[in-house]
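Residue-level listing of the chains:
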Amino acid sequence: MSEPLTFFDQVNRNFDKAAAFTNHPHGILEQIKQINSVIHFAFPIKRDDGSIQVMHGWRAEHSHHKLPTKGGIRYAMTVNEDEVMALAALMTYKCAIVNVPFGGAKGGIRIAAHEYSEGELERITRRFTFELFNKHFIGPGLDVPAPDFGTGPREMAWIADTYSTLAPHDINALGCVTAKPVSEGGIDGRVEATGRGVFYGLREVCSVAEDMRGLGLSPGLEGKRVVVQGLGNVGYHTAKFLQEDGGAVIVGAIEHEGAIAKRTGIDVEALMAHRRETGSILGFPGATDLASRELGLELDCDILVPAALENAITMDNAPRVKAKIIAEAANGPTSSEASDLFFERGVLVLPDAFINAGGVTVSYFEWLKNLEHVRFGRLEKRFDEQSARRLLTAIEHATGRAFSDQEISSIARGAEEIDLVNSGLEETMIEAYHEIREIFKRGGGAYDLRAASMIDAIDKVALAYADRGIFP
Ligand code: NAD
């Protein structure tokens, strides 16, 4: 029997399938595929009980065709060099698909984070930042981490603070990491950006009546039955926006501890409160506990959102998955073989590199804000408001009709940072979807949307190499 494909093999298999439909020189394709640099760190930390423990961490920079490189830092026991390389490669393709001018990177520490105190996690994070700094694997113009599974704004604040201490003369130091707390140079809307991006992407996908007809679905998100796996940052926000803003019905939820189903819909906020109180999603009033969490993925639904970890859907369960649309909110949740099966069966898989790109998109906005040293909207908000008020007054004089206070305040409103961030994210997701859909259509059924998005990414990265030439 042949060895199972590693995660990085799977990404490269997807790359090769897509590359066959491009005309780029073999050498350029090989260069795009390679991990440009990868580093393994082993460093000691002192536990609270005084014992010393060796930690293992990695950072992979997949592509330097654009700098800085960008990608999250993951704290999980699954972290290894292969996983970090695969995720770094996905970041390169993701940034290209949503037109964010970064190369791809990813990092991680092999750690069961919940077994460590906050103080221990802080020491680990700061030491890891120090290691990255020493090896030139972090910096606003070099490599800019972000959160991933097991990390969040708290860890990003520690990273920013450590880097600033090590590089006191770097005026752009805050741009060394993104998804920081807003008080530490972060940006409004970053925490929920990935989930919001999944929502914008799904809303756009479902708005194309012709495509929905092909799937036997009506256009629009309203009433679509959704199952979400993983109620962490990405899964929770995706479910929340789909329910609150899209009118979708969350018919199933899957977490570590099990899966639940409720045909009439699960109130996402109530479920989160129930989990906070009881430590589990099981036993949620009105819902049925399923016999295993695996069964949750096989529930009858229109949209399945895997938002936990990679390889949730493989040939072991793909034949029993009933969803018509799979939105890969997590990175790499569908194995390459399972993806092929879905293509044959006419299931629409929205690839991770497109559908979960909201996080890196808003990280890009945060990085721009850090380099500009000014909050978005600060310069123009009041000016825009006053211009709109003058225009409304002129209309009142010309028509003899007075606007109500409510009309004035809704029209003469300058944009806040959050308005600009969400609007930029919405534009990015919509534009990216139509770019990859166009390439998919061009294929006339020869390849799926994942290959179409990969062709898009390959074309853009190859163009970057062609534009700048190869260093002799
Ligand atoms: P997170 O740690 O906030 O949440 C992950 C959730 O999945 C947790 O609630 C965990 O309990 C749950 N989970 C773990 N194993 C599970 C299982 N077997 N079944 C069901 N649930 C399980 O992480 P996150 O930031 O939401 O990231 C989730 C995924 O999204 C990862 O693949 C990550 O790479 C990807 N992603 C995250 C971002 C981001 O901005 N955070 C951006 C793009 C992609």
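Residues numbered from 1 in each chain as written. Predicted model: local features only at pLDDT ≥ 70, side-chain atom pairs only at ≥ 80, totals over all residues. Heavy atoms only, no water.

Caption draft 1: Structural context of helix α17 (residues 449-468). When the terminal C-alpha atoms of α17 are compared, their 29 Å separation across 20 residues agrees well with the 28 Å that a helix rising 1.5 Å per residue should span. The N-cap of α17, judged by a side-chain oxygen 3.3 Å from the amide nitrogen of arginine 450 a few residues on, is aspartate 448. (Helix = DSSP H or I, 4+ residues; strand = E, 2+ residues; numbered from the N terminus. Expected span 1.5 Å × (residues − 1). Polar contact = N/O pair within 3.5 Å; in protein donor to acceptor, adjacent residues only side chain to side chain.)

Caption draft 2: Broad picture of the site of the ligand. Around the ligand, the surrounding shell holds 22 residues, and the nearest of these are Arg74, Asp148, Thr194, Glu255 and Asn331. At 3.3 Å, a backbone N or O of glycine 150 approaches an oxygen atom of the ligand. Between the ligand and glutamate 255 there is a distance of 2.5 Å, counted from an oxygen atom to a side-chain nitrogen or oxygen. Calculation on the ligand without its partners gives an accessible area of 830 Å², and the protein chains cover 86% of this total. Listed by contribution, the elements that provide at least two residues to the shell around the ligand are α8 (233-244) and β7 (249-255). Across the shell around the ligand, the residue classes break down as eight nonpolar, nine polar and five charged. Formed jointly, the shell around the ligand draws a minimum of three residues from each of two domains, domain 1 (35-184) and domain 2 (193-355). (Near = heavy atom within 4 Å. Areas by Shrake-Rupley, 256 points an atom, 1.4 Å probe, with all protein chains shown as cover. Nonpolar A, V, L, I, M, F, W, Y, C, P; charged D, E, K, R; others polar. Domains from an automatic or database assignment.)

Caption draft 3: Inspection of the packing of aromatic side chains at higher detail. If you walk through the whole model with that rule in mind, you get eleven aromatic pairs. On the numbers, 5.8 Å between centres and 40° between planes, the contact of phenylalanine 15 with tyrosine 93 is tilted. Residue phenylalanine 15 is found in helix α1 (residues 7-19), and its partner tyrosine 93 is found in helix α3 (residues 81-97); the two are separated by 78 residues along the sequence. Of the two residues, phenylalanine 15 and tyrosine 93, neither departs from the other in class, the shared state being buried. Each ring, one from phenylalanine 43 and one from phenylalanine 128, has its centre 6.2 Å from the other, and the planes form 25°; the classification is stacked. Taken as a pair, phenylalanine 43 in strand β1 (residues 37-46) and phenylalanine 128 in helix α4 (residues 118-134) lie far apart in primary sequence, 85 residues in all. Phenylalanine 128 gets classed as buried once you look at its relative accessible area, which sits at 1%. What links up through ring pairs into an aromatic cluster is the set Phe102, Tyr364, Phe365 and Trp367. (Phe/Tyr/Trp six-rings, centres within 6.5 Å; stacked < 30°, edge-to-face > 60°. Buried < 20%, exposed > 50% of the residue type's maximum accessible area, 1.4 Å probe, protein only.)

Caption draft 4: Local environment of the sheet that holds strand β8 (residues 258-261). Pairing within the open sheet is mixed, and its seven strands lie in the order β9-β8-β7-β6-β10-β11-β12. Two strands in the sheet have a free side with no partner beyond their single neighbour: β9 (288-289) and β12 (348-350). With two bridges connecting them, β8 and β9 associate as antiparallel partners. Directly across from isoleucine 260, in β9, lies its bridge partner aspartate 289. Contacts from α8 reach β6 (225-229), β7 and β10 (303-306) within the one sheet, and its direction differs from that of β6 by about 165°. (Pairing = 2+ DSSP bridges. Contact = heavy atoms within 4.5 Å. Axes fitted to C-alpha atoms, helices over the stretch in contact; angles between N-to-C directions.)

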